[in-house]
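Secondary and tertiary structure notes
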Amino acid sequence: MEQKAVHLDRETFSCPICLDLLKDPVTIPCGHSYCKNCIKDHWDTEVKRGIHSCPQCRKSIPQRPELLKNTMLAALVEQLKKTGLQAAPADLCYAGPEDVACDVCTERKLRAVKSCLQCVASYCEKHLHPHYQSAAFKKHKLVEPSEKLQENICSRHDEVMKMFCRTDQQCICYLCSLKEHKGHDTVSAAAERTERQRELEGSRHNIQQRIQDREKDVEAINVSADEAVEHSEKITTEVVRLIKKRDSDVKQQVRSHQETEVSRIKELQEKLEQEITELKRKDAELKKLSHTEDHNQFLHNYPSLSSLSESTHSSSIDIRPLKYFEDVTDVVSEVRDVLQSILRDTWTDISLTETEVDVLPSQREPKTRADFLKYSCELTLDPNTVNAQLFLSEGNRKATFSQHQFYPDHPDRFNGWRQVLSRESLTGRCYWEVEWTGGVGVAVAYKNISRGGFSNECGFGYNDKSWLLYRNTDDYQFWSSYVRTSVSGPQSSRIGVYLDHSAGILSFYCVSDIMTLLHRVQTTFTQPLYAGLKLKWLKESAEFCKLK
């Protein structure tokens, strides 16, 4: 009866998570108690879901509380330990659905604490004692409890697989190495593990380095964004200041002109009023004369009264002030329309740029040749795509227009246009140079461009799957979707091509000490690109240059 009471005490003071006596007991707001580390680990796994709860009653806790030691519980647990029953009671160690069960227990199985690779069995704490006490088990390899121990047994020979066949890349037993895998490159599983562990550490180092690089990229993006916002705010403030200043100048100019014109109009108004008074007087005299019955008197006075003095005619009134104010209104309206257009188009371009660029930060295009060479790539021409009138040489880097060559049939071959594509695909940021003679075209194209005949679907620059810079005798032409754009620039025997695939930028440069931009394309690339060459006349040639 006394033992049962102790048993109940131990169950009461056991952690619901680890099922052992409480260690550094803490009590959370709902009233349940746990080992400090147990509840801390539990909440650490919940933080990704943004919640904290009690593992027993599932009550949510709005804010993660500070875990303070329950001194009374700690004292009671210490007192309970002095009873000598150090292990948790058996009913608290029974294997649950997610636990590995002891293979030795015959009735209700206890939870395993270790698995033995040599015995291919799992043991509870009670049945594991021989492995610690008997010298016969000293060399056995104990690991964390595992349900997959049977996978370590050879299905053919029922032996533990302690070896690894590098030839077939699989674990084997010793008998396998003498029979099925005889003559193969075999080592111990431990040796292979050591080698793979070394590779794993190298991979982890590379991943950690990439994480650091990406974190630096994120930091650079944040700094760049902050600088861009600050710069934008400064420019906007300056624009607003200039607009307000100009608005003040316009108002002052309008008011000044208004005062001048109003003064002039008032002066004119006074003259008009004087003329009206004079005309009214003259009208009265003429009316009086018209009623005179004496013919001689009428004829005598008429000449002096009928003549009018020079009139201030209404046409002399200049209505220019109204026109002036209309001109001011028109100018201000035009400025407003221009600003609206610039803001609308500019923000649209910014929005499109943000859509086209994925997760990668925007990067400036290189300026010097040394900067471009950081992104250089080594390209070769694909013999399966080359037209039969092009001869490949220099390790498949050079194409020359020559007599018909005998190439085997291939679905990727251009059998119309004298063209060829690179073997390597192009993504990310790439730079290459082409040495050319005569009328040669340098291009990039998608792999699914058509190959048969002389149709526009097959020719570089004549469709929406390719882009071509072509050199004439004295100028250049850029072709895309069968639209030609004339390009001016210095003649050069070497052309540099820069591609930023994710940003949708394709640029062509004359290569020299100073890189001269010939043409730049801003678009959206939906597939990997391949570099291409297009030749027109006999004996012309083009070659991908070695840059490394």
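Right, let's walk through the structure included here. The shown structure was predicted, so the numbers you read here are calculated from the model rather than taken from an experiment.

**Quick look at the sheet that holds strand β15 (residues 476–480)**
The strand order across the open sheet built from 6 strands is β11-β20-β13-β14-β15-β16, with neighbouring strands paired in antiparallel fashion. The open sheet is flanked by β11 (419–426) and β16 (483–487), the only strands paired with a single partner. For this sheet, the mean inter-axis angle between neighbouring strands, taken without regard to orientation, is 20°. Examined bridge by bridge, strand β13 (residues 440–446) and strand β14 (residues 466–471) share 5 bridges and lie antiparallel to one another.

**Concerning the pattern of salt bridges**
Inspection of every chain in the model, using the stated rule, returns 22 salt bridges. For Arg64, the salt bridge goes to Asp44, with nearest N and O atoms at 3.1 Å. Taken together, the positions of Arg64 in the loop between α2 (36–46) and α3 (71–81) and Asp44 in helix α2 put the pair 20 residues apart, joining distant regions of the chain. We classify Asp44 as partly exposed; its relative accessible area is 32%. Arg429 is paired through a salt bridge with Asp500; the nearest N and O atoms lie 3.7 Å apart. You can see Arg429 sitting in strand β12 (residues 429–437) and its partner Asp500 sitting in strand β17 (residues 494–500), a full 71 residues away along the chain. By relative accessible area, which is 17% here, Arg429 ends up buried. Judged by its relative accessible area of 6%, Asp500 falls in the buried class.

**Side note on the side chain of Arg429**
Of note is the side chain of Arg429, whose polar atom sits 2.8 Å from the side chain of Tyr375. There is a polar contact of 2.7 Å between the side chain of Arg429 and the side chain of Tyr498.

**Looking at the environment of Glu424**
Residue position: Glu424 is located in strand β11. For Glu424, a relative accessible area of 25% corresponds to the partly exposed category. In the structure, Glu424 is positioned 106 residues away from Tyr530 in sequence and 6.6 Å away in space, judged by C-alpha atoms. Setting aside chain neighbours within four positions, we find Glu424 in contact with Glu378, Leu379, Thr380, Leu529 and Tyr530.

Rules used in this analysis
Residues numbered from 1 in each chain as written. Predicted model: local features only at pLDDT ≥ 70, side-chain atom pairs only at ≥ 80, totals over all residues. Heavy atoms only, no water. Pairing = 2+ DSSP bridges. Helix = DSSP H or I, 4+ residues; strand = E, 2+ residues; numbered from the N terminus. Axes fitted to C-alpha atoms, helices over the stretch in contact; angles between N-to-C directions. Salt bridge = Lys/Arg side-chain N within 4 Å of Asp/Glu carboxyl O. Buried < 20%, exposed > 50% of the residue type's maximum accessible area, 1.4 Å probe, protein only. Polar contact = N/O pair within 3.5 Å; in protein donor to acceptor, adjacent residues only side chain to side chain. Contact = heavy atoms within 4.5 Å.

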